[in-house]
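Commentary on secondary and tertiary structure
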Amino acid sequence: MFVLSQIEHNLPMPPHLLNRPLVDAIKAELERLLLDKVVANLGLCVSVYDILSVEGGFIFPGEGCSTYKVSFRLLMFRPFIGEVLVGKISGYDEKGLQVSLDFFSDICIPGHLMQFGTVRGEDGRWALKTEDGDELHLDTDDEIRFLVSSIKYPPIPVEQKEDDKPFAPMQINLDASADGF
Amino acid sequence: LCREKANAGHLTNFEVLDFLRTRGAKTDPMGCLGAVAASECKVYEYLLKIPACNQTRESVTEFANRCEGFKLTDADKQNIINWRPTSVADVYALISEIVKQII
């Protein structure tokens, strides 16, 4: 679920942070920039793990801030393909189920990747029909175990209509069709 | 941002929980103001609800050492450490290509 990513960045240090110890100021600025944000192809940044090196400190002409070249490691939420996760069902629509881990909610199970025999009922809820004829409904707040099938990072849309869903920079698609899920 | 290494190492859920704990995360959201951010607190609360919450470093290390003789991939070991299967059915679901492993 969690991965370390090593990144190098030219970080401008705003002058109002210069009275703090350098490493604390750099950490605060990195957290302001990256914490709880999705970095394309790297995942959701959970925390700044550590700072490996700081170089520079030059002030470029026309600027009031000094720029440091910082090499650091970020703790990213990026499950690998084939990883098993457990989450709660947060909603359903005609395409499938939406699943939520408490800190990340843009996870969906498309209808064709659910357990064999799962169909959408007339009331909109998805249900698994067993061989005995019972219907097991998949309701909100039910815990569900699933396999990660793909992770997409859609590009930021230039325009959005009012009815569109909020833009999700990282979308995880799941597979719940294997045995045991 | 220049990526030096997109993957500098996987962490198990227990290691992330331990890291957030040493940073000062607590279940009380007001108690960890200043030490950790609200988003880190949310991750911490999620990790407290899964099997990682009562693992220890020694138990995880011992499990990794004892797995050496079995033909498990790193992904399988990570899944098992993170979700701690309690029955054969759970293990079947977690290990990829289990039929090949048995043979």
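Keep in mind that what you see is a predicted model, and the values were worked out from it rather than measured. (Residues numbered from 1 in each chain as written. Chains lettered and ligands numbered in written order. Predicted model: local features only at pLDDT ≥ 70, side-chain atom pairs only at ≥ 80, totals over all residues. Heavy atoms only, no water.)

1. With respect to the side chain of B:Lys77
Test applied: The helix count covers DSSP runs of H or I at least four residues long, the strand count covers runs of E at least two residues long, and both are numbered beginning at the N terminus. Accessible area is worked out with a 1.4 Å probe on protein chains only. A residue is then buried under 20% of its type maximum, exposed over 50%, and partly exposed in between. In this tally Asp and Glu are treated as negative and Lys and Arg as positive; neither His nor the chain ends contributes. Any Lys or Arg side-chain nitrogen located within 4 Å of an Asp or Glu carboxyl oxygen qualifies as a salt bridge.
Mapping B:Lys77 onto the fold places it in helix α4 (residues 74–83). Summary of buried charges: B:Lys77 has no salt-bridge partner, and the nearest side chain of opposite charge, B:Asp74, is 4.2 Å away.

2. What about the sheet that holds strand β12 (residues 171–175) of chain A?
Residue and element names in this part refer to chain A. For clarity, the cut-off: Paired strands, in this sense, are two strands between which DSSP finds at least two bridges. The convention used is that axes are lines fitted to C-alpha atoms, helices contributing only their stretch in contact, and that angles between N-to-C directions extend from 0 to 180 degrees.
Strand order in the closed barrel made by the five strands is β5-β6-β7-β12-β11, with mixed pairing throughout. Strand-to-strand twist across the sheet, computed as the mean angle between neighbouring axes with direction ignored, equals 55 degrees. Pairing analysis gives five bridges linking strand β11 (residues 143–152) to β12, with the strands arranged antiparallel. Bridged to Lys-152 within β12 is Gln-171.

3. Structural notes on the interface of chain B and chain A
Quick reminder of the rule: Residue contacts are defined here by distance: any two heavy atoms, one from each residue, within 4.5 Å place the two residues in contact. Accessible surface is computed with a 1.4 Å probe, and the buried area is the amount of it that two parts give up when combined, taken over both parts together. We define a polar contact as two N or O atoms separated by no more than 3.5 Å, with the added condition that, inside protein, one atom must be a possible hydrogen donor and the other a possible acceptor, whereas residues neighbouring each other in sequence contribute only through side-chain atom pairs.
Taken together, the contact between chain B and chain A spans 32 residues of the former and 38 residues of the latter. In total, about 3,300 Å² of surface goes out of reach between chain B and chain A, with carbon and sulfur atoms giving 59% of it. Taken as a group, B:Leu1, B:Glu4 and B:Tyr46 account for 19% of the area that chain B buries against chain A, more than any other trio of residues on that side. Linking chain B with chain A are two salt bridges, by the criterion used here. For B:Lys49, the salt bridge is made with A:Asp102, and the minimal N-O distance between the two is 2.5 Å. There are eleven residue pairs in polar contact (both at pLDDT 80 or more) connecting chain B and chain A. Of all the elements in the fold, those that place two or more residues in the side of chain B that touches chain A are β1 (2–5), β2 (10–11), α1 (13–23), α2 (38–48), α4 and α5 (88–94) of chain B.

4. Here's the deal with the pairing of strand β1 (residues 2–13) of chain A
Burial analysis of β1(A) places nine of its twelve residues in the buried class, which makes it a mostly covered element. Bridge count between β1(A) and β2(B): two bridges; the pairing is antiparallel. Opposite A:Val3, over in β2(B), you have B:His10 as the bridge partner. As judged from the twelve bridges shared by β1(A) and strand β4 (residues 66–77) of chain A, these two strands associate in the antiparallel manner. Looking at β4(A), one finds that A:Leu4 is bridged to A:Leu75. As defined by bridge partners, β1(A) adjoins β1(B) across three bridges and the pair is classed as antiparallel. For A:Glu8, the partnering residue across the bridge sits in β1(B) and is B:Cys2.

5. Describing the pattern of salt bridges
Counted by the stated rule, this structure contains seven salt bridges over all chains. Notably, a salt bridge pairs B:Arg23 with B:Glu40, separated by 3.2 Å at the nearest N-O pair. Separated by 17 residues along the polypeptide, B:Arg23 in helix α1 and B:Glu40 in helix α2 bring together distant segments of the chain. Accessibility classification places B:Arg23 together with B:Glu40 in one group, the buried group. What you see here is one network of salt bridges that share partners, running through A:Glu31, B:Arg23 and B:Glu40.

6. Considering the nonpolar core
Note the cut-off: What makes a nonpolar core is a set of buried Ala, Val, Leu, Ile, Met, Phe, Trp, Tyr and Cys residues whose side-chain atoms join them at distances within 4.5 Å. The start and end points of each domain follow an automatic or database-based domain assignment.
Of all hydrophobic cores here, the largest spans 50 residues; its most connected members are A:Phe2, A:Phe77, A:Phe103, A:Ile172, B:Leu47 and B:Trp83. Looking at which domains feed residues into this core, each of domain 1 (2–77) and domain 2 (83–175) of chain A gives three or more. When residues no more than four places from it in sequence are discounted, the contact partners of A:Phe77 are A:Met1, A:Phe2, A:Gly43, A:Leu44, A:Val46, A:Leu101, A:Phe103, A:Phe104, A:Met170 and A:Ile172. Core analysis: the next-biggest nonpolar cluster, separate from the first, contains 18 residues, A:Leu11, A:Met13, A:Leu35 and A:Cys45 among them.

7. Description of the UniProt feature "domain: RNA polymerase Rpb7-like N-terminal" (unreviewed entry) in chain A
So the rule is basically this: UniProt positions are given in the numbering used here, feature names are shortened, and annotations may be inferred rather than shown by experiment.
As recorded in UniProt, the feature "domain: RNA polymerase Rpb7-like N-terminal" (unreviewed entry) lies at residues 8–64 of chain A. A distance of 22 Å separates the end C-alpha atoms of residues 8–64 of chain A, which is 23% helix and 44% strand.

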